[in-house]
Amino acid sequence: MKPSRFTRASVAISSKRSFDWVGLLKILPPAIAQYPRDGRFLYWFGRVQEEAVEFDKARAEYEKAIQADPNYLRPYIRLAELDFRSNDVPSARKRLDEALSVDSASSDIANEVGETFLRMGETNRAVTAFRAALAVDRSNPDARLNLAGHFIGTRQFSEALEELNEMIAAGVASPKVRLLQASAMIGVGEAEDRKSTRLN
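Here the residue index of a chain counts from 1 through its sequence in written order. Local features in a predicted model are, by the rule used here, given only for residues with pLDDT of at least 70; side-chain atom pairs are given and counted only at 80 or more, and totals for whole chains, interfaces and linings are based on all residues. Derived side-chain values reflect all non-hydrogen atoms in the structure, with water molecules and hydrogen atoms excluded from consideration.

## Considerations on the side chain of S107
Put simply, DSSP H or I for four residues or longer makes a helix, DSSP E for two residues or longer makes a strand, and each gets a number counted from the N terminus. The residue S107 is located in helix α7 (residues 107-120) in this model. Under the rule applied, a polar contact is a pair of N or O atoms within 3.5 Å (in protein, one hydrogen donor and one hydrogen acceptor; residues adjacent in sequence only if both atoms are side-chain atoms). Polar side-chain contacts of S107 include one of 2.8 Å to the side chain of N140. Two residues qualify as a contact provided that any one of their heavy atoms is within 4.5 Å of a heavy atom in the partner residue. Those residues in contact with S107, other than ones at most four positions away along the chain, are A133, L134, V136, D137 and N140.

Given below as structure tokens:
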């Protein structure tokens, strides 16, 4: 019987919490042989190579994954990370902009693009990506939290408070969210105090 597309390999690479890189290395080659145009399998083979510090091999697999399925966007992000580590910021920026421009970009992918931009120090592009993530899914807590954290870091406390209040109204009220809310409220209060002091 022909194996189902949802084989052990598919199950393994769908797990986000417990990675067995050695196990993946064993089961991905037969999966790729069976489904050579499945971008996910090629991408995860690249991730295994990256974990093994075989960056050139990883890059080659990510490129194959994009060729196999241009709408599977995680390879763009990993290539951008590799470009950034190689001090090729223009290429990294181009990769991330490409991922964000694809119509199939999900809210999670847009958020990951934003996080990568933040690591690169590209804050304006990061904010654009976080907003793109929220345009697709306003309930994405990671994107909203990243946006709020950025606003607090840049002392835009009112904007941060707006994002955090929306999270809490939606039922996302973790200790971290409450802590950031308190920080934003204090920031707004201190700004008002300074304004009052200047007026008196």
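## Things to note about the packing of helix α6 (residues 89-101) against α7
Contact geometry for α6 and α7: axes closest at 10 Å, N-to-C directions at 160°. The angle between α6 and α7 falls in the class roughly antiparallel. Read as a crossing pair, α6 and α7 show a hand that is left-handed. Packed against α6, whose contacting residues are V89, A92, R93, L96, D97, A99 and L100, the element α7 presents A110, V113, T116, F117 and M120 at the interface. When its residues are assigned to classes, the contact of α6 with α7 shows nine nonpolar, one polar and two charged. Inter-axis angles, ranging from 0 to 180 degrees, are taken between N-to-C directions of lines fitted to C-alpha atoms, where helices are fitted over the stretch in contact. Orientation categories follow fixed angle ranges, with anything under 35 degrees roughly parallel, anything over 145 roughly antiparallel, 65 to 115 roughly perpendicular, and all other angles oblique. For any helix crossing, the convention is left-handed if the near helix is rotated counterclockwise from the far helix by under a right angle, and right-handed if that rotation is clockwise. Classification convention: Asp, Glu, Lys, Arg as charged; Ala, Val, Leu, Ile, Met, Phe, Trp, Tyr, Cys, Pro as nonpolar; all other residues, Gly among them, as polar.

## Looking at the pattern of salt bridges
Salt bridge, as applied in this entry: a Lys or Arg side-chain nitrogen positioned within 4 Å of an Asp or Glu carboxyl oxygen. Counted according to the given criterion, the structure contains 16 salt bridges. Among the ionic pairs, E81 bridges to R119, the shortest N-O distance being 2.4 Å. Of this pair, E81 sits in helix α5 (residues 74-85) while R119 sits in helix α7, and the two are 38 residues apart along the sequence. Here R93 makes a salt bridge to E122, at a shortest N to O gap of 2.7 Å. Of this pair, R93 sits in helix α6 while E122 sits in the loop between α7 and α8 (123-136); the two residues are 29 residues apart in sequence, bridging distant segments of the chain. One network of salt bridges, in which partners are shared, links R47, E50, R78 and R85.

## Focus on helix α10 (residues 157-169)
With 13 residues, α10 extends 18 Å between its outermost C-alpha atoms, agreeing within 8% with the 18 Å of an ideal straight helix rising 1.5 Å per residue. Where α10 terminates, the next one or two residues include G171, which has phi positive at roughly 95°. One fewer than the residue count of a helix, multiplied by 1.5 Å, yields its expected span.

## Quick word on unusual backbone geometry
Phi at V53 is positive, roughly 60°, even though this residue is not glycine. Residue position: V53 is located in the loop between α3 (39-51) and α4 (55-68). When a residue's accessible area, from a 1.4 Å probe over protein chains only, is under 20% of the maximum for its type it is buried; when over 50% it is exposed; and in between it is partly exposed. Relative accessible area serves as the criterion here: at 56%, V53 is assigned to the exposed category. Positive phi outside glycine occurs at N87, with the angle close to 65°. Here N87 lies in the loop between α5 and α6. For N87, a relative accessible area of 69% corresponds to the exposed category.

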